[in-house]
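So you can see what is in the structure, the chains are spelled out below.
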Amino acid sequence: MFERFQEHLQKSGLIPGVARVLVGYSGGADSTALLHLLHKAGVDVVAAHLHHGQRAEAEEELARCQAFAEQLNIPFVAGRADVPRMSRELGKSLEEAGRNARYEFFKQAAFSAECNLIATAHTRTDQVETVLLNIARGTGLRGLTGIPERRDDIIRPLLPFSREETCSYCEEHGFWTHADPANSDLTFSRARIRSMIVPELKLINPGLDASVLRLAAIADEEDRFMNGMAAAALEQAEIPLNGSLRFLSDDCEMRFSRSHLAHLPEALRKRSIRLACEALDAALSYEQTQIASTEVVGKTSGAITAEGGQVVVQWGGDTVDVRRLLDVSPFRYPITIPGETISEEFGWQFTAFETDGCASDLRRASLEATLDSAQIKEPLHFRSVKPGDSMQPFGFTGRRKLSDLMSEAKLSQAARARFPIVCDMIGPLWAPGVCVEERARPKTESTQVIVLRFSSLKV
């Protein structure tokens, strides 16, 4: 098995040579085989074991897992979770609560152990069970694809191998392993699939595993194709928001032409709407997708909130908006001169420096401003917009409400919530991309100026 495993690692490119991999290690045959195979292949691994707080023997299992890792000279990280309590408090099944607890622990442990990848021991057998379980739940095309070999920083190197192979590998090497009682507990859906459904289906088709894996491969290929079509449709339908200040909210809102989406084939329209929600880390149920797709074709206005309550799909007039509900607290930070002042939370930065200068040709809607140093009452800082803020845009004789100026600049509500204005002790000096305050405009006699640039952190 090792030779085939090593060959698979090389062909798949799942693990770059410089990667450090956190291995989810329960002590079962699958995870024991995975840990040993990766270690034997020369991969830099860390073993991570989570005590689920469900069984008395779990203490002994934790100790034996640690001993096995130490025997191989593999770093070992242990964690504890009260899965039964999590299940009760969150209203989730023990299966789901346990899975959530494991992945949260793996992410935290990977960060602490400086691992760039997390490896779980899902096998070909798990893949077959997952596809069948998804079918029983009424899945769409994506659910038929089963378990991905890689998703973000999580990899499954054992997917080409069966559970029988991992058990045989551990037996051949004389490794201690334990069988989780949940694997045969018929109160769990996966155990029922494993113990009752798969054996019956194999009576109909002894080659069930190969057939289900072929189904998953076909579904994956077609799902990727449909996603590509949906992404292209969304790109054509998108209505850009906020002009040069798009980066203020491009991670939390999108706007599309309603008529463009309405003219898509229904299957592509549904997938496009779902894909837009997924871009904001949200999911629509089957029923919600049906409603949104039908309503977009009509002429009424309405909205629907995606599962989790954080993302809204709203339609009205000739636009469809998909946006994350924001709760942005007021902010205020000093500006470093000279240097960069970065907001990692919002994804933008100010660059500032002082230089010799005089009057310059200012543009109202620029992301760069030149301010007369002599007119600035330090300290210079940026903050969120407050009700009642006003400015005298250069070249104007009167003051204007900043809210009106942002409306004229066609900034969305999400962009306004994150919009920083540069101020001194007196008040606003510069609203990036909107206007510069008249009193700070360099004059002919100005000798020192401060140059400010506002930009996205994204390259």
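Remember, it's a predicted structure, so these values are computed and weren't measured experimentally.

Engineer: Before we go on, may I ask you to explain the nonpolar core in this structure?
Structural biologist: The nonpolar side chains of a soluble globular protein tend to be buried with one another. Residues W348, L371, L380, F419, W430, L452 and F454 are the most contacted members of the largest nonpolar core, which totals 35 residues. Of all the secondary structure elements, the ones that give two or more residues to this core are β13 (348-356), β14 (368-372), α14 (402-408), β18 (420-423), β19 (428-431), β20 (435-436) and β21 (448-456). Core analysis: the second largest hydrophobic core is formed by 34 residues, Y25, A29, Y169 and C170 among them.

Engineer: Is there a simple way to explain the pattern of salt bridges in this structure?
Structural biologist: Side-chain pairs of opposite charge can arise whenever the charged atoms involved come near each other. Taken as a whole, this structure holds 27 salt bridges when the rule is applied. Its salt-bridge partner being D223, residue R142 comes within 3.7 Å of it at the nearest N-O pair. Linking R142 in helix α7 (residues 141-144) with D223 in helix α10 (residues 208-237), this pair joins segments that are 81 residues apart in sequence. For R142, a relative accessible area of 36% corresponds to the partly exposed category. For R271, the salt bridge goes to D223, with nearest N and O atoms at 2.7 Å. On the criterion of sequence distance, the pair formed by R271 in helix α12 (residues 266-279) and D223 in helix α10 is long-range, its members being 48 residues apart. The residues R271 and D223 share a single accessibility class, namely buried. One salt-bridge network, in which partners are shared between bridges, spans D30, D126, E129, R163, R190 and R194.

Engineer: I keep staring at the sheet that holds β19 and nothing clicks. Help me out?
Structural biologist: Paired through their backbone hydrogen bonds, the strands of a sheet run either parallel or antiparallel. In space, the five strands of this open sheet follow the order β11-β15-β18-β19-β20, with antiparallel pairing throughout. Two strands bound the open sheet, and with one partner strand each, they are β11 (332-334) and β20. The sheet contact formed by β11 and strand β15 (residues 381-384) spans three bridges and is antiparallel. Looking at β15, one finds that R332 is bridged to R383.

Engineer: Hey, could you run me through the sheet that holds strand β9 (residues 311-316) in this one?
Structural biologist: What the four strands build is an open sheet, ordered β7-β10-β9-β8; its pairing is antiparallel. Strands with a single pairing partner mark the edges of an open sheet, and in this sheet they are β7 (253-257) and β8 (302-305). In this sheet, neighbouring strand axes are inclined to one another by 15° on average, regardless of whether the strands run parallel or antiparallel. Here five bridges tie β7 to strand β10 (residues 319-324), and the two strands are oriented antiparallel to one another. Looking at the pairing, M254 lines up with V322 of β10. Running at roughly 160° to β7, α12 makes contact with β7, β9 and β10 of the sheet.

Engineer: I keep staring at helix α1 (residues 2-12) and nothing clicks. Help me out?
Structural biologist: Quick reminder: α-helices carry 3.6 residues per turn. Residues three or four places apart thus point the same way. For α1, the set of buried residues is F2, F5, H8 and L9. Here the buried residues of α1 occupy an arc of 125° about the axis, which is enough to place them on one side. Turned more than 90 degrees away from the buried face of α1 sit E3, Q10 and K11, all of them exposed. Of the residues trailing α1, G13 is marked for its positive phi of about 65°.

Criteria and cut-off values
Residues numbered from 1 in each chain as written. Predicted model: local features only at pLDDT ≥ 70, side-chain atom pairs only at ≥ 80, totals over all residues. Heavy atoms only, no water. Core = buried A, V, L, I, M, F, W, Y, C linked by side-chain atoms within 4.5 Å. Buried < 20%, exposed > 50% of the residue type's maximum accessible area, 1.4 Å probe, protein only. Helix = DSSP H or I, 4+ residues; strand = E, 2+ residues; numbered from the N terminus. Salt bridge = Lys/Arg side-chain N within 4 Å of Asp/Glu carboxyl O. Pairing = 2+ DSSP bridges. Axes fitted to C-alpha atoms, helices over the stretch in contact; angles between N-to-C directions. Contact = heavy atoms within 4.5 Å. Arc of directions from axis to C-beta.

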